[in-house]
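Survey of secondary and tertiary structure
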Amino acid sequence: MIKDILNVLFPKNCLGCSNLLLQSEEILCLLCRDELPFSQEHLTVDNASMHKFYGKVPIEHASSLLLYSKGGMIQQLIHNLKYKNHPEVSFFLGNIYAHQLSHTNLLTDITAIIPVPLHKNKKKTRGYNQVDGFAKAISTHYNIEINNTLLIKTIKTSSQTTKNRFQRKGSKKEVFEIDQTQLTKEDNHFLLLDDILTTGNTLESCCKKLLQIPNTKITILCLARSI
């Protein structure tokens, strides 16, 4: 009864198409859920996300949950996640991905989950890291520790999705550092998580820093890949 009243007073809209959600719907309406453009890249070794890193950094695997196109539903969804104070989108999509990945052995030897960090100023302004919900969903499903402090962003940068092709090519300045106090001699297989894979420059920079740690392997997962 109370929920019905709240739905009338504070109606919720689909974060994919902006239509009014039914009482039984959360985050996305049923139509948008049915139309989610899944990449299925986690089922193949040779995929478009993996191609982003060929000849740049040695990684075990890379894949993205969804396909992101300008003007599409996923752009709207990610925009709500990053700029409209809807961090719940990250956990929602991460939970979907966690269930898809359960049909593979990609995460069987992961030692820690590392969300790509935000600069402290950007995180303070936004109030959250848009990848944290994704990390929490994977961590909860697979019982893997999240490490939010090993990788540190030292230079504030703008989103890759707002840059043109030439600006993206020129944005390879190193902006990440490693917390040296956490280094150990143990074998590491880090699961590096990000929201959108565009050029791969940001993730490449993260990988280069993490691979400076001896006995380290990296697998990359993203919520979406631009097409």
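Right, let's walk through the structure included here. (Residues numbered from 1 in each chain as written. Predicted model: local features only at pLDDT ≥ 70, side-chain atom pairs only at ≥ 80, totals over all residues. Heavy atoms only, no water.)

**Observations concerning the pairing of strand β5 (residues 188–197)**
Note the cut-off: Per-residue accessibility, obtained with a 1.4 Å probe over protein chains only, is compared with the maximum for each type, and a residue is labelled buried under 20%, exposed over 50%, and partly exposed between these values. Counting from the N terminus, the helices are DSSP H or I runs at least four residues long and the strands are E runs at least two residues long. Strands are treated as partners if at least two bridges between them are detected by DSSP. Assignment of crossover handedness uses the view with strands pointing away from the viewer, where a clockwise path from the first strand over the helix to the second indicates a right-handed crossover.
Burial analysis of β5 places ten of its ten residues in the buried class, which makes it a mostly covered element. Pairing between strand β2 (residues 112–115) and β5: four bridges, direction parallel. Counterpart to Ala 112 in the pairing with β5 is Phe 190. Pairing geometry for β5 and strand β6 (residues 216–226), over nine bridges, is parallel. Within β6, the residue paired with Leu 193 across the bridge is Leu 221. Taken together, β5, helix α9 (residues 201–210) and β6 constitute a β-α-β crossover, and its handedness is right-handed.

**What about the environment of Arg 126?**
Stated formally: The contact criterion used is simple: two residues touch if any of their non-hydrogen atoms lie within 4.5 Å. N or O atoms within 3.5 Å of each other form a polar contact, as long as, within protein, one can give a hydrogen and the other can take it, and as long as residues adjacent in sequence are counted only when both atoms are side-chain atoms.
Note that Arg 126 resides in helix α6 (residues 120–126). A relative accessible area of 17% places Arg 126 in the buried class. Note: C-alpha distance between Arg 126 and Lys 82 (44 residues apart in sequence) is 7.9 Å. If sequence neighbours within four positions are ignored, Arg 126 has contacts with Lys 82, Tyr 83 and Leu 118. Among the polar contacts listed, one links the side chain of Arg 126 to the backbone oxygen of Lys 82, at a separation of 2.9 Å. At 2.4 Å, the side chain of Arg 126 forms a polar contact with the side chain of Gln 130.

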